[in-house]
Structure formats: C-alpha cells, structure tokens
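Each chain, letter by letter, is given below.
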Amino acid sequence: MTALLHVDMDQFVAAVEILRRPELRGRPVVVGGAGDPTARRQVVSTASYEARAFGVHSGMPLRRAAQLCPEAVFLPTDPAAYGEASERVMAVLRRFPVDVEVWGWDEAFVGGDIADPEALAAELKAAVFAETGLTCAIGIGDNKLQAKMAARFAKPGGIHRLTTAGWMAVMGERPAADLWGIGPKTSRKLDELGLHTVAQLAAAPEADLVDRFGPRQAAWLPVVAAGGGDTQINTEPWVARSRSRENTYAEDLSDLDVISREVAAMARALTAEVVADGREITHVAVKVRYVSFFTPTREMKLRSGPTTDPEAVEQAAVSLLAKFEWRRPVRLLGVRVNLAMPD
DNA sequence: TCTGGGGTCCTAGGACCC
DNA sequence: TCTGGGGTCCTAGGACCC
C-alpha cells in the first residue's frame, strides 16, 4: 500500500501576519475580528503558539484573550492575504510530481506514486519554507485519516508517520473524540454507551451503534476507530455548493425595517459575488440568531429556476423574513445561497 | 468579560403522486 | 367508509470541520 501525506501549515493565519511584520516573531499574536481586543462579540481566529501558551485559542472571545494575555498583539483578519499565501503554498506542492488535494486555506493531501514518503515530506517542507517563509507539519499514513492524525503528532513543524499496522498501539487508548470526524456530540453519545477509547469503539459491534447513530454512522464509526479510511486524492478544482454571509451585530437589532435592509444588502452582495464567478443561484436561506441564541433558518427553492438576478434573490430573502417570529431582538443575521452545479 | 464566520454532508418528516 | 406501500421533492435541523 502506497502512503499518502497530509500537509498542515503551522498557525497559518498568525504565521502569514508574522511574515509581513517580522518584529512580531516570538511574540504572542492574536488574529481575530477587527483586531480590537475590547470589541464585543468578536472571537479569536488564530493565536500564535506564544499566545496559546497563555491559554488563548481559536473561537475564544477577544476580550477573554486580552484578559489572559494583555501583552498580546491583536490584529484584524485579512482573508485576502491568507488566500494569496495559501495559493503560494499550494503552487509549491503542485510543482512536485504528485497529486494535490487542497483542503481549506492551510491543508492539503498529497498522493500519487510515492516511493519514499519520509523523503518526500522533508523535500516538501523545505521547499514550502524556502519559497514562502512558512512552516508546516506533515503527516504520513496509509489513508487520509491516518495522514491527518499523524500531522497532529507532527505539529509544529515535524514529520510523523502512522500505519495500519501501528495504528492501535498509538491510538487505541486515546479518547474516541480525538478522531477526525468525531465531535463533542458524538463523543458524548459514545461515552453513554460505555465506548470511551478508540480501541473500544473499534471493537464495538455495529448492531450496538445502529439504534443510537443510524445505519450509516454506525457502519462508519468502528472503521474510523480501526484506522480505516479513504485513499482517494481528488485533484479536481474546488467547486462551491453554496456561499453565505452572516454578521453578528455589536448591538442587537429589533427594528424589522433595519433587519429587512440588512438581509436585502447581504442577498445583493452575495448575488454579485457568485455571478462574478459565473454561477447561478437555486436556493436562498435566511438565518436569524435571537439574543437567546436560538438560531432557526428558513430556506426556499427559487420557483423560477436558477437565476443571476439580484432582484429575485433579494426579494426571496426578504420574503423569508415573514416566516420568523419577531418578538425578541436578534444578534445575528445571515443569508446563504445554494448554487447550481456546472455540468 | 458569555458564545464568529464560512463551509459540507446527513437525517428526518411532510407533501404529493402512483 | 378503509388499507397498503414506494418514491421523490422540499424544508429544517444537526453535526462536524477549518
């Protein structure tokens, strides 16, 4: 069985910022929101390793991060810069005689005819650093799951290999929640069934899982726990199935006219973006988060068929507002459009 | 110092038709 | 005077990932 690699950039967003501000190297850096540590309702996108040492992590409110690490440098997120840096990294990987499957900004699977995976990993790492100034960890495995998990052991900046033969010795006693694809909800359900470790889940009869998880997940869970997984590297360019905008407001909204205008503006902006990409819109969805954090969504298929007409999309989005209750203020509004898949 | 933003995929229930 | 299934479309929600 030929190995495949998972390339995972180290603290990617923070690393891109440090690259253009070398004086920040070695300091705690927190990237998130507009970069204002006093702002409400904004969270950490990425913390540098130095900031993580203070307990700062992704998803944490910026104000909490500032409390834990007052000396940190706070920076606004700059998605365009991260996208460009990502392109440079992926271009380096693609120059090697391998198949590359891009996975978000800062990750990629690498496969193909790989004779010596450790040697290839070392070459990739060196080339990425030489040409972009960014470091990465590389995991090697017999499939994507193993490579992805191996990259965690390799972080930061190392190379680590997992194999089917060695999987259980390394992973068996770890919590099932460590596995890629098992989040907090699934992990809690597994705990309730007495399945706490990877080894226990791997040995669980599918019949014991079906009631709790349904047939598909019940079949999949023990396979993942045993270190099984997909080996297919998909080199096709990414084609988005949907695009969305959402905004959490620093101050709650109650006025339906204001809400309506906000939703209309998001719908128009989204339409402009996807039309610029040559895509057509099939469905429109609106998301509302009340102050209670209850977050319903309402969605509709456009009856007139796939469209590029901003008027139609705006009108659909605004019409969906009638399906919500407006007794309580809202903290978030969002619009999503589903896209027709090209042939 | 209450809880971001942008995605994907799966499931489940109701409507409707045969 | 009541009983089926199956199949597909549509919408809502849940879970997970980065």
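Quick note: structure is the one above.
Residues numbered from 1 in each chain as written. Chains lettered and ligands numbered in written order. Predicted model: local features only at pLDDT ≥ 70, side-chain atom pairs only at ≥ 80, totals over all residues. Heavy atoms only, no water.

> Explain the nonpolar core here, please?
Within soluble globular proteins, side chains that are nonpolar generally end up buried alongside one another. One finds Leu5, Leu93, Val110 and Leu124 to be the most contacted residues of the largest nonpolar core, which totals 36 residues. Elements supplying a minimum of two residues to this core: strand 1 (4-9), helix 1 (12-20), strand 2 (29-31), strand 4 (73-75), helix 4 (79-94), strand 6 (107-111), helix 5 (117-132) and strand 7 (136-141). Discounting chain neighbours no more than four positions away, the residues touching Leu93 are Val7, Val98, Val100, Ala108, Val110, Leu124 and Val128. (Core = buried A, V, L, I, M, F, W, Y, C linked by side-chain atoms within 4.5 Å. Buried < 20%, exposed > 50% of the residue type's maximum accessible area, 1.4 Å probe, protein only. Helix = DSSP H or I, 4+ residues; strand = E, 2+ residues; numbered from the N terminus. Contact = heavy atoms within 4.5 Å.)

> Any chance you could explain the layout of surface pockets here in plain terms?
To locate leftover empty space, one rolls a probe as large as a water molecule over the atoms. The computed volume of the largest pocket comes to approximately 570 Å³. If you trace the largest pocket, you find 21 residues lining it, with Val102, Glu236, Pro237, Trp238 and Val239 closest to the centre. Put simply, the parts of the chain that give the lining of the largest pocket at least two residues each are helix 4 and strand 5 (99-102). Of the residues in the lining of the largest pocket, the class split is 11 nonpolar, five polar and five charged. Here the second largest pocket is characterised by a volume of approximately 380 Å³. Along its surface, the second largest pocket is lined by Gly33, Arg40, Arg41, Gln42, Val43, Glu246, Asn247, Thr248, Tyr249, Ala250, Arg289 and Arg331. Of the residues that constitute the lining of the second largest pocket, the class distribution is three nonpolar, four polar and five charged. (1 Å grid on protein atoms, 1.4 Å probe; cavity = no way out; pocket = protein on both sides within 12 Å on 5 of 7 lines; lining within 4 Å. Points joined across faces, edges and corners; volume = space filled by probe spheres on them. Nonpolar A, V, L, I, M, F, W, Y, C, P; charged D, E, K, R; others polar.)

> Help me out: how do you make sense of the protein's contact with DNA strand B in this one?
Contacts to DNA strand B come from 22 residues, most closely from Arg64, Gln67, Ser242, Glu246 and Thr248. Considering DNA strand B, the proportion of its atoms within 4 Å of the protein that are sugar or phosphate atoms stands at 64%. Note that a phosphate oxygen of DNA strand B is positioned 2.6 Å from one of the backbone N or O atoms of Glu246. Going through the elements one at a time, helix 3 (62-68), strand 9 (242-253) and strand 12 (330-339) are the ones with two or more residues in the surface near DNA strand B. Residues that form the surface near DNA strand B fall into these classes: six nonpolar, six polar and 10 charged. (Near = heavy atom within 4 Å. Polar contact = N/O pair within 3.5 Å; in protein donor to acceptor, adjacent residues only side chain to side chain.)

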